[in-house]
Amino acid sequence: MTANSETQPRARRIAVMFATLLLFWVMLMGRVTADVLIVGVMVSLAIALLFPSGLSFFTEFRATPKAFAAGIRYYGLFFKELVKSNLKLAAIVLSPSLPIKPGIVKVRTRLKSRMGRLMLANSISLTPGTLTVEMEGEWLYVHWVSVGSTDVEGATAEIVAGFERYLEVIYG
Amino acid sequence: MTSLLYLLGGILLVAGAVFLLSGGIGLVRMPDAYNRIQAGTKATTLGTLLTLAGVACLRPDWALKLLLIGLFLLFTNPLSSQVLARAAHRVGVKQAPQTVIDRLEEDLGEKP
Amino acid sequence: MVDLLIYLAATIAGVAFLLALWRFMAGPTAADRVIAFDSLTIVSITGIALAALAEGRGIYLDVALVYALLSFLGVIVVARYIERGF
């Protein structure tokens, strides 16, 4: 964590938190008028000052064009995987013999940042068929409905590699 | 044009509901808690996202709030299923007999 | 036509709700019940969105948002409780 607080100065973290909260507030109200903005700015500022260490969407985000491009492609891959694996799981559930081969495998990630790892774990959990059970540093324990390979390298290549390629550019 | 959007909305609604149903069936048929998390809480997430998209097609003026609900589900759902799976594993909820491997149990055995 | 599709979607979601409810009653472990509860709330959010559509009242969506928030907190709290022992 110390490395993170060095690369992420307190002022920037507060600013990121404030911007995210204000954006969500405006989305919730659905209109941009003076009263909405005044209340939103006051409350967002108070929360950002009180909890500056909270993680938000753009924490540790690298604001470079390359990161934005990778972000868009990441969401493309993510939604493709989401639909594909949901269809696969629906096929498993509907077939009479219930062809599952469950197990918990261990995978390793190259990502260093907290937010990058969180996003990776979330992406793995949201694509049905794989579910992050426990995280320990660079090791992730993943429950898998139909185990493809039981060793660390094979499982990493199948589960992690696709998402990691983009997340590495976005968060590092 | 509008009627096309209406038709798309209706189709998205039904498709989402079908995913919800597959999640429900998975919840009933899967043999242990971990597989039920996989089938239950996540097929239903895509189902809900599709339904919300369908509602947004039928009522474009609600799109912003629906997007907010969708984003919220997209971020909280993996977290809650992760926390649940971890809790289940920590208290030793049994896994199905078909289970082929449990690396987590092996690693926990090494360092007591 | 679209009205019909809304009712069809609501019916299918209702069947999904009943299946999850069966798992909620059957258990067998506390973890299974919490999983079923989580699915029930997600299906309910769909139900609320469909109700908003059928009645044309946008205020229901705020209810759905608060419902999602509360169910998330509830699941986290119960999972913590399970971890500490029954």
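Because the structure is predicted, anything quoted here is derived from the model rather than measured. (Residues numbered from 1 in each chain as written. Chains lettered and ligands numbered in written order. Predicted model: local features only at pLDDT ≥ 70, side-chain atom pairs only at ≥ 80, totals over all residues. Heavy atoms only, no water.)

1. Focus: the packing of aromatic side chains
Residues and elements named next belong to chain A.
And then number 1: Across all of its chains, the model carries 4 aromatic pairs over all chains by this definition.
And then number 2: Between Tyr74 and Phe78, the ring centres sit 6.3 Å apart and the planes meet at 20 degrees, which makes this aromatic pair stacked. Of the two residues, Tyr74 and Phe78 are both situated in helix α4 (residues 65-94); the distance of 4 residues between them amounts to about one turn of the helix. Across this residue pair, the class does not change: Tyr74 and Phe78 are buried.
And then number 3: On the numbers, 6.4 Å between centres and 85 degrees between planes, the contact of Tyr75 with Phe78 is edge-to-face. Taken together, the positions of Tyr75 and Phe78, both in helix α4 and 3 residues apart, correspond to about one turn of that helix. (Phe/Tyr/Trp six-rings, centres within 6.5 Å; stacked < 30°, edge-to-face > 60°. Helix = DSSP H or I, 4+ residues; strand = E, 2+ residues; numbered from the N terminus. Buried < 20%, exposed > 50% of the residue type's maximum accessible area, 1.4 Å probe, protein only.)

2. Here's the deal with the sheet that holds strand β1 (residues 103-108) of chain A
Picture the strands of a sheet paired through backbone hydrogen bonds; they go either parallel or antiparallel.
And then number 1: If you trace the 4 strands from one edge of the open sheet to the other, you get β2(A)-β3(A)-β1(A)-β1(B), paired in mixed fashion. Edge positions in the open sheet fall to β2 (130-136) of chain A together with β1 (101-102) of chain B, since each of these has one partner strand only.
And then number 2: Sheet topology note: the β2(A)/strand β3 (residues 139-144) of chain A ladder contains 6 bridges and is antiparallel. Residue pairing for β3(A): A:Leu131 is matched across the bridge by A:His143.
And then number 3: With respect to the sheet, helix α6 (residues 152-170) of chain A is in contact with β1, β2 and β3 of chain A, its orientation differing from that of β1(A) by roughly 65 degrees. (Pairing = 2+ DSSP bridges. Contact = heavy atoms within 4.5 Å. Axes fitted to C-alpha atoms, helices over the stretch in contact; angles between N-to-C directions.)

3. Digging into the pairing of β3(A)
All names here are of chain A.
And then number 1: With respect to burial, β3 is a largely interior element, 5 of its 6 residues being buried.
And then number 2: Across 6 bridges, β1 lies against β3 in antiparallel orientation. Bridging across to β3, Arg108 finds its partner in Trp139.
And then number 3: Joining the antiparallel neighbours β2 and β3 is a turn of 2 residues, in which Gly137 adopts a positive phi near 60 degrees.

4. Side note on the UniProt feature "transmembrane region" (unreviewed entry) in chain C
Residues and elements named next belong to chain C.
And then number 1: Mapped onto the present numbering, the UniProt feature "transmembrane region" (unreviewed entry) falls on residues 6-22, 34-53 and 59-82.
And then number 2: The span residues 6-22 shows a helical share of 100% and a strand share of 0%, and its end C-alpha atoms are spaced 24 Å apart.
And then number 3: Overall, residues 34-53 shows 100% helix and 0% strand. The separation of its end C-alpha atoms is 29 Å. (UniProt positions renumbered as here; feature names shortened; annotations may be inferred.)

5. Here's the deal with the interface of chain A and chain B
And then number 1: Contacts between chain A and chain B engage 48 residues on the former and 42 residues on the latter.
And then number 2: When the two sides are added together, the surface that chain A and chain B hide from each other amounts to roughly 3,900 Å², 69% of it contributed by carbon and sulfur.
And then number 3: Counting across the chain A and chain B interface gives 1 salt bridge.
And then number 4: A salt bridge links A:Glu134 to B:Arg90, with the shortest nitrogen-to-oxygen separation between them at 2.9 Å.
And then number 5: Viewed at the interface, chain B and chain A are joined by 8 residue pairs in polar contact (both at pLDDT 80 or more).
And then number 6: Listing elements by their share of the side of chain A that touches chain B, those giving two or more residues are α2 (10-29), α4, β1, α5 (114-126), β2 and β3 of chain A.
And then number 7: The dominant element in the side of chain A that touches chain B, judged by the number of residues it contributes, is α4(A), at 11 residues.
And then number 8: Grouping the amino acids of the side of chain A that touches chain B by side-chain chemistry returns 31 nonpolar, 12 polar and 5 charged. (Buried area = accessible area lost by both parts, 1.4 Å probe. Salt bridge = Lys/Arg side-chain N within 4 Å of Asp/Glu carboxyl O. Polar contact = N/O pair within 3.5 Å; in protein donor to acceptor, adjacent residues only side chain to side chain. Nonpolar A, V, L, I, M, F, W, Y, C, P; charged D, E, K, R; others polar.)

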